[in-house]
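Structure assessment
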Amino acid sequence: MNVCGFTIIRNAIKYDYPAVEAIQSVLPLCDKFIVLIGNSDDETEELIRSIDSDKIEIHHSTWDDTLREGGRVLAVETNKAFNLIDESFHWAIYIQSDEAIHERYYETISNALVKYQSNDKVEGLLLKYLHFYGSYDYVGTSRKWYRNEIRIIKNNKRITSFRDAQGFRFDERKLNVVAIDAFVYHYGWVKDPLVQARKHKDFNKLWHDDAYVASIAKEVYNYSEIDALAIFKESHPAVMDGRIKRKNWDFDGSKITQRSSLKDKFLYWVESLTGKRLFEYRNYIILKP
């Protein structure tokens, strides 16, 4: 069984993406790893080349910045990267540049890859998510955060990235997946407030026109405008240790100012009580293991 990882990245240094850590977090699971680097304004390529691994294969792409509807360019670039994986690989592990997988889940993932390799009904594996917010000490717990997503797929080129590259589809239908007990740690909302404000403004250009982007632009990102957080008391992936030690800002998650609607409060209360998320959007079909 052969496994190939893949990711897309652009301006990793400018926007302080943990791209190196993201790649390092899945390298032990992969026989090869493809990095598709978009046209950048910084030294992203040199950063990726600093990773000491002969598994990494670097390719280049120019993003179409005119694709400003629903983050479509992210799916376009993800499909380019996936299509660089040759037919000798059975599985493909997709990691975004602000995500990481904890080493405690390697065995669970490896066992699932072996178990479902020859099962043609299984087109992908569904992983759980933790969304860190404000600092490495807090996770978002409200309904605004997606709880699961597909990050491992069969190497079948009828599978394509969907919408803004959050999930995948098979010939435009939802993938049949097996849910496994492994988490992806999402760090997209953990940055210096100055960097986060710049990233938030520029990243929204992938979805919206200039007038809207200008209306939301901030010099410093206000992390206090959030609805529900919980303190994170466990460990981060080992590859994140250095980055976490270098963090240079503080965030007090107890001082949040935004409040949810009565509807969202009720649905959040139901979820807290039962563990079930009512009316949850699912971009996949979960098979019984």
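None of the values given here were measured: they were computed from a predicted structure. (Residues numbered from 1 in each chain as written. Predicted model: local features only at pLDDT ≥ 70, side-chain atom pairs only at ≥ 80, totals over all residues. Heavy atoms only, no water.)

What follows is about the overall build of the chain. Looking only at helices and strands, one finds eight helices and 13 strands in the chain. Against the 2.2 N^0.38 benchmark of 19 Å for 289 residues, the chain shows a C-alpha radius of gyration of 19 Å, consistent with a compact globule. Oriented by its inertia axes, the alpha-carbon framework of the chain measures out at about 50 × 45 × 35 Å. Expressed as a percentage of contacts within the chain between residues at least 6 apart in sequence, the contacts between residues at least 24 apart total 79%. (Helix = DSSP H or I, 4+ residues; strand = E, 2+ residues; numbered from the N terminus. Rg over C-alpha atoms; globule rule 2.2 N^0.38 Å. Contact = heavy atoms within 4.5 Å.)

Our next topic: the state of the cysteines. Taken as a whole, this structure holds zero disulfides when the rule is applied. Cys4 takes part in no disulfide bond, and the closest cysteine sulfur to it belongs to Cys30, at a distance of 6.8 Å. Its relative accessible area of 0% is what places Cys4 among the buried residues. Residue classification places Cys30 among the buried residues on the basis of a relative accessible area of 3%. (Disulfide = S-S within 2.5 Å. Buried < 20%, exposed > 50% of the residue type's maximum accessible area, 1.4 Å probe, protein only.)

Judged by how many residues are buried, strand S6 (residues 124–133) sits mostly within the fold: nine of 10 residues are covered. One ladder, built from five bridges, connects S6 with strand S8 (residues 148–154); its direction is antiparallel. Pairing of Leu127 across the sheet is with Glu149, part of S8. (Pairing = 2+ DSSP bridges.)

The next point concerns unusual backbone geometry. A positive phi angle, near 70°, is found at Ala165, a position not held by glycine. The topology assignment puts Ala165 in the loop between strand S9 (159–162) and strand S10 (167–170). On the basis of relative accessible area, Ala165 is assigned to the buried category, the value being 1%. Positioned with a positive phi, Asp171 is a non-glycine residue whose angle comes to about 50°. Along the chain, Asp171 falls in the loop between S10 and strand S11 (173–189).

Another point: the side chain of Ser224. Here Ser224 is to be found in the loop between helix H6 (210–216) and strand S12 (229–231). The exposure class of Ser224 is buried, given its relative accessible area of 15%. Of note is the side chain of Ser224, whose polar atom sits 2.5 Å from the side chain of Asn222. (Polar contact = N/O pair within 3.5 Å; in protein donor to acceptor, adjacent residues only side chain to side chain.)

Ranked by internal contacts, the top residues of the largest apolar core, which has 50 residues, are Phe33, Ile56, Ile101, Ile109, Leu125 and Leu127. The leading source of residues in this core is S11, at six residues. In contact with Leu125, other than residues within four places in its own chain, are Trp91, Ala112, Leu113, Tyr116, Glu149, Ile150, Arg151, Ile152, Val177, Val178 and Ile180. Ranked by size, the runner-up nonpolar core spans 26 residues in total, among them Ile85, Ile150, Ile159 and Tyr284. (Core = buried A, V, L, I, M, F, W, Y, C linked by side-chain atoms within 4.5 Å.)

For the rest of this paragraph, the subject is the packing of aromatic side chains. Counted under the stated rule, the structure contains 21 aromatic pairs. Both rings, one in Tyr133 and one in Tyr223, keep their centres 5.4 Å apart while their planes meet at 90°; by these two values the pair is edge-to-face. Taken together, the residues Tyr133 in strand S6 and Tyr223 in the loop between H6 and S12 connect sequence positions 90 residues apart. On the basis of relative accessible area, Tyr133 is assigned to the buried category, the value being 1%. Ring centres of Trp145 and Trp189 lie 6.4 Å apart, and the angle between their planes is 75°; on these two criteria the pair is classed as edge-to-face. Here the residue Trp145 occupies a position in the loop between strand S7 (138–140) and S8, and Trp189 occupies one in strand S11, the gap between them amounting to 44 residues. (Phe/Tyr/Trp six-rings, centres within 6.5 Å; stacked < 30°, edge-to-face > 60°.)

Everything listed here is a matter of coordinates, which is why it stays silent on function.
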